[in-house]
Every structure is written in structure tokens, then in C-alpha cells.
Amino acid sequence: MTAETPLLDVRDLAKHYPVTEGVWNREVGRVRAVDGIDLTVGRGEAVGLVGESGCGKSTAARTMLRIEEPTGGTVRFDGEDVTGYDRERLKRFRRRAQLILQDPASSFDPRRSIGQSVAEPLDVHGMTDRDRRRRLVEGTLERVGLSPDAADRYPHELSGGEKQRAALARALIVDPDLLVADEPVSALDTPTQADVLDLLDGLRAELGLGVLLISHDLRVVRDVCDRVAVMYLGEVVESGPVDAVFDDPQHPYTRALLASVPVPDPTVSRPSVDLVGDVPDAADPPSGCRFHTRCPAVVQPASYDFDEDVWRRIHRLRTRLSGDDSAVDVDAVRARVAAGVGDDADSPPNEERSDAVPDEAVRAALRREFGLPDRLSDPEADAVLDRALARLASGECEAAASLLASEFGTVCERSTPTKRSISAEHEAACHLLDDGHGSDDGHGSA
Ligand SMILES: Nc1ncnc2c1ncn2[C@@H]1O[C@H](COP(=O)(O)OP(=O)(O)OP(=O)(O)O)[C@@H](O)[C@H]1O
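Note that the coordinates shown come from a computational prediction; the quantities given were computed from them, not determined experimentally.

Draft legend 1. Here's a closer look at the site of the ligand. The local shell around the ligand holds 13 residues, among which S53, G54, K57, S58 and T59 are the closest. Contact between the ligand and S53: an oxygen atom at 2.5 Å from a side-chain N or O atom of the residue. If the ligand stood free it would expose 630 Å²; the protein chains cover 61% of that surface. Contributions of two or more residues to the shell around the ligand are made by strand 2 (26-41) and helix 1 (57-64).

Draft legend 2. Quick peek at helix 13 (residues 359-369). Listed as buried for helix 13 are V362, R363, A365, L366 and R367. Immediately downstream of helix 13, the backbone of G371 shows phi near 65°, a positive value.

Draft legend 3. Structural detail: the pairing of strand 7 (residues 178-182). With 5 of its 5 residues buried, strand 7 lies for the most part within the structure. Here strand 7 shows no split at all, with L178, V180 and D182 on one side and L179 and A181 on the other all buried. For strand 7 and strand 8 (residues 210-215), the ladder comprises 5 bridges, and the chain directions are parallel. Within the sheet, the bridge partner assigned to L178 lies in strand 8 and is G210. In this fold, strand 7 hands off to helix 6 (residues 190-207), which returns the chain to strand 8; that crossover is right-handed.

Draft legend 4. A look at the packing of helix 13 against helix 14 (residues 379-393). Two numbers describe how helix 13 lies on helix 14: the axes approach to 9 Å, and their chain directions differ by 110°. Relative to helix 14, the element helix 13 lies roughly perpendicular. For the pair helix 13 and helix 14, the sense of crossing is right-handed. Side by side, helix 13 and helix 14 meet where D359, V362, R363, L366 and R367 of the first sit next to D382, L385, D386, L389, A390, L392 and A393 of the second. When grouped by side-chain class, the residues that make up the contact of helix 13 with helix 14 number 7 nonpolar, no polar and 5 charged.

Draft legend 5. Inspection of the nonpolar core at higher detail. Within the largest apolar cluster, 99 residues are counted, with the highest numbers of intra-cluster contacts made by L141, L213, F306, L317, L321, L392 and F408. Counting residues per element, this core draws most heavily on helix 14, at 7 residues. Not counting residues within four places of it along the chain, the set of residues in contact with L321 comprises V328, L392, C397, A400, A401 and L404. The next biggest cluster of nonpolar side chains, apart from the first, holds 28 residues, and it includes I37, L39, Y85 and V236.

Draft legend 6. Local environment of the sheet that holds strand 4 (residues 72-77). Strand order in the open sheet made by the 4 strands is 2-1-4-5, with antiparallel pairing throughout. Either end of the sheet is taken by a strand with one partner, and the two such strands are strand 2 and strand 5 (80-81). As paired elements, strand 4 and strand 5 share 2 bridges and run antiparallel to each other. Within the sheet, the bridge partner assigned to F77 lies in strand 5 and is E80. Lying over the sheet, helix 1 contacts strand 1 (8-21), strand 2 and strand 4, oriented at roughly 115° with respect to strand 1.

Draft legend 7. Spotlight on the pattern of salt bridges. Applying the stated criterion across every chain, the model contains 36 salt bridges. The closest approach of N and O atoms between R143 and E206, which form a salt bridge, is 2.9 Å. Separated by 63 residues along the polypeptide, R143 in helix 4 (residues 130-143) and E206 in helix 6 bring together distant segments of the chain. Here E369 ties to R336 by a salt bridge, and the two come within 3.0 Å at their closest N and O atoms. On the criterion of sequence distance, the pair formed by E369 in helix 13 and R336 in helix 11 (residues 330-341) is long-range, its members being 33 residues apart. Accessibility expressed as a relative area gives 46% for E369, which makes it partly exposed. Of the residues examined, R336 reaches a relative accessible area of 47% and is grouped as partly exposed. Here the salt bridges do not stand alone but share partners, grouping R363, R367, R375, D382 and D386 into one network.

Draft legend 8. Expanded view of the packing of aromatic side chains. Applying the stated rule across the entire model yields 5 aromatic pairs. Taking the centre distance of 5.1 Å and the plane angle of 70° together, the rings of F77 and F93 count as edge-to-face. Taken together, the positions of F77 in strand 4 and F93 in helix 2 (residues 87-96) put the pair 16 residues apart, joining distant regions of the chain. Ring centres of Y232 and F291 lie 5.0 Å apart, and the angle between their planes is 75°; this geometry places the pair in the edge-to-face category. Linking Y232 in strand 9 (residues 227-232) with F291 in the loop between helix 9 (252-259) and helix 10 (308-323), this pair joins segments that are 59 residues apart in sequence. The same class applies to Y232 as to F291, namely buried. The rings of F77, Y85 and F93 are connected pair by pair, giving a single aromatic cluster.

Criteria and thresholds
- Along every chain, residues carry numbers that run from 1 in the direction the sequence is written.
- Reporting of local features is limited, given that this is a predicted model, to residues whose pLDDT is at least 70; pairs of side-chain atoms are given and counted only at 80 or more, and all residues count toward the totals for whole chains, interfaces and linings.
- Side-chain numbers come from the whole structure's heavy atoms, not from hydrogens or water.
- Proximity criterion: a residue is near a molecule or strand once any of its heavy atoms comes within 4 Å of it.
- Any pair of N or O atoms that falls within 3.5 Å is considered a polar contact. Within protein, one atom must be able to donate a hydrogen and the other to accept it, and sequence-neighbouring residues count only if both atoms are side-chain atoms.
- The protein chains shown are the only cover counted for residues, whose accessible areas, like all others here, come from Shrake-Rupley with a 1.4 Å probe.
- Helix numbering and strand numbering both begin at the N terminus, where a helix is a DSSP run of H or I of at least 4 residues and a strand a DSSP run of E of at least 2.
- Burial classification: accessible surface area is computed with a 1.4 Å probe over protein chains only, and a residue below 20% of its type maximum counts as buried, one above 50% as exposed, and the rest as partly exposed.
- By definition, two strands form a pair when at least two bridges between them are found by DSSP.
- Looking down the strands as they point away from the viewer, one classifies a crossover as right-handed if the path from the first strand across the helix to the second runs clockwise.
- Axis geometry follows a simple rule: fit a line to the C-alpha atoms, using only the stretch in contact for helices, then measure angles between N-to-C directions, giving values from 0 to 180 degrees.
- Oblique is the label for any angle not covered by the other classes, which are roughly parallel (under 35 degrees), roughly antiparallel (over 145) and roughly perpendicular (65 to 115).
- The crossing is said to be left-handed when, going from far helix to near helix, the turn is anticlockwise and less than a right angle, and right-handed when the turn is clockwise.
- Residue contacts are counted whenever heavy atoms from the two residues lie within 4.5 Å of one another.
- Residues were grouped as follows: Ala, Val, Leu, Ile, Met, Phe, Trp, Tyr, Cys and Pro as nonpolar; Asp, Glu, Lys and Arg as charged; and all remaining residues, including Gly, as polar.
- The criterion is simple. A nonpolar core is a set of buried Ala, Val, Leu, Ile, Met, Phe, Trp, Tyr and Cys residues joined through side-chain atoms within 4.5 Å.
- By definition, a salt bridge exists where a carboxyl oxygen of Asp or Glu is found within 4 Å of a side-chain nitrogen of Lys or Arg.
- Within 6.5 Å between ring centres, the rings of Phe, Tyr and Trp (the latter by its six-membered ring) count as paired, and their orientation is classed by plane angle as stacked under 30 degrees, edge-to-face over 60, tilted in between.

Bear in mind that shape data such as this cannot, by itself, settle questions of function.
Here you go:
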């Protein structure tokens, strides 16, 4: 082991859950909750793991700590491969690497005093001397900013912030090297969040703890972390020093997450980014770049010369059509056109009038609905778009989607982007960073 060996070194970590069917539990698919992530945490270093709900952050944490068995990859702790540990070594590892969860209330037994709960990890590790245990508990409670008397109180007598401090005490009592904190402050009000984060930061510095801080809230990570990894649908899409990633984000997903964080200084303007829809199903992740179905900066093929914004709107239409047939309600569009062309635009749509609306008018309305111009500058592409809209107007969503797919394909859906180095330790995996797509290409709109 060298001085540079990280405390935690995770390589290509994967955790898949089988999707089963029938009485024989036949495996029919896999939820790719974590799908090949790399991550390191050094001693005394705080690393953030961020992403929306459902991106795989908690699964990654549980798998790194071998609370769940990984499907693949390696986890090295202090230079040793944890994935090969037997029961005894696993027990020692679990002392040195502690997990803190979001909801402190649920992690305490209401019938046990705080002192009993905080001392619990000592049972597992064989410390039975009552006086010594009491001294340790009181000292640890003081270390996390609680009075030693808190040992005799019960969970319901503590506030949320005090309970999270007690949870920290329970983790610290066995003198760990690594703390994995999964949304440790998201159940707390803002001032209490700041106090608990300050405490975490102080403990990291004082005890030289490695901290992996999992949060959907980027502000939390910015305040206390040295480095950050951004996770989307089981993969790390961008990672690096916090300042580099936050000040110069390269992945459209990171940009979108950052844009959704309220800016405290109203004089600072940030481009608005539309992060539409939900995280797709991890059992059926999109091909290529998994973010392409929601990406506001999806790459336009060089063969088109029309406005990139227009191309991305076509892409969004495609995505909507392939997601859910009811996503584009053509009847409603037709009814609106009928109401608009009738004698009284405010009158409720009537079916007879809807039927009389020519398809051409519906196609034009669909273009307006998706912010598309009356004509694309590329006549061939326009002809395909028009044919697809005609299919859509006659209710053939799937045919419309496949026509659009045949004409408006993108590298983002065809191939998985490889990680590119941006600057020291700052990496991102996005096709916009590939040769031929300079970092300015398309990023302006993200
Ligand atoms: N035991 C399980 N069996 C099947 N699927 C699971 C299991 N645990 C998690 N998943 C799935 O794995 C994906 C990632 O879930 P995970 O909880 O790790 O995400 P997360 O980013 O931590 O979200 P959250 O912040 O909401 O907990 C989700 O699609 C989830 O439904």
C-alpha cells in the first residue's frame, strides 16, 4: 500500500436485481441499479455522490459496504479487496466503514435509551465493561454536540437534528475510518441541516475520516465535499473536484441538476435547463447515452444544417412518441383546432366539427405544439417529418415514431459515450465532448 492508496477504491461496481416472473421465478430481466461505477474516497476527504431519486445512489452505498453483494466489480478498502472478505474480516470492515441513513427516527428503537442504542455497535464488537461503555457513550455524545445526559433520554425526546447527531455518535463510537452518509440531512429543516453538515465537516477534519456524502441536493455537496460524482441511471456521468464540476459542468445532466438549484444571489444568472420527465426504468435503460431521452443538448448529426434547437425539439417529439402512446393526445389537438376554426373559438369542441378538421391543419397544429417551424430548412428531412406527423394525425403513433427514428437518429442513442478528461481529475462521459463536437457545440443551449 502506498501513501496515495485511497481509503475506498471502487472499480466498475455493478448491482443488478433480477426481474422474475411466474411460479418458477424465471428471470425475465434485470434492474441495472448500479451499472459499472468508479469512485474513490481518500482519508480525510469528503466525496459527494449526487443524482435524482432512483439513479442508484443508495444501492451503490449498500453494495460498496457489502450490505448487499455486488453483481460485479471490486471494492478495495485500505488497499484490500473487500469483495473477497470472509465473515470475520467483513465484521472488522463494517466497524471501520459506517453507514448513516436519512431518517434518524427509524434507525432508533423507541424502547431503548439513546445511550443503549449508541452503545449497540460495541456489543457486536465484544466490549462488555459497563463503566467503560458508559464513558465512551458520553464522550462520543459530547463529540457530536450533545450533552452526556442525552444517554438517558429516549428517541421521542430528541429533535430530528439531535437524533441525527445521536446516529453520528453511534457510527463514531467504534472509531471508523469511513462514513457513508446517505441523505443525512434531507429530513431536517434548513438551519439544522447546516448545523449537522458543519458537524460532519468538523469530524472529517478532526478525525481524518473519509466521508462519502450521498445527496440529491447539490448545495449540500458543494458546502462540504472536496470531490463529487454525478450519477444517472446506474452510471457516473461526470466526476471531479467540486469547484471544477460546479463551475464548469460538462455533462448536460450535471448542468440540468445545477440549474434546478435555487441561486441565493439574485444578481447571478444561470441558463435555465428543462429537465423533463422522470428517470427512466432501470430495468430497461435507454440505449447509448442513458440520458439521451431527456437531454436538452442531444447531438445533431453533421448531415443536417437546420437549427439545433429545432432538431432537439424533433428529438423530444420522438422520445415522447416512443415512450407512451398517450403522450401526444392528437384528438385533443384536433379538437383545439376545431374550436379555433369554428364560429366561436371558446365553444366546447364538438366531435362532428373535429372530424371535419383537415389533416393538414392537424399537422400544422402539431408542429406548433412542438415548437417546430412550418418548414424545415432541409427539404428531405421536412418531407419525413411531414409524413410522420401525418401518421400521428391518423393515430399511428408507433409508425410515426419509427419514421422519425429512421431519419433523425443521433449518436447519443447509438453509442455509449466514453469518459473524457476535462482537467486534472475532472471527467465526463458525453458525446458533446467527442472529437468533432467541441465543448461549445450545443452546450450553449444546455
Ligand atoms: N431490492 C431491489 N430490488 C429491485 N430493484 C431495486 C431494489 N433496490 C433498488 N432498486 C431499484 O434500483 C434503482 C436505484 O434505486 P436507489 O434507491 O439505489 O436509487 P437512489 O438514487 O438512491 O434513489 P433514492 O434517493 O430515492 O433512494 C431504482 O430503479 C430502484 O427501484
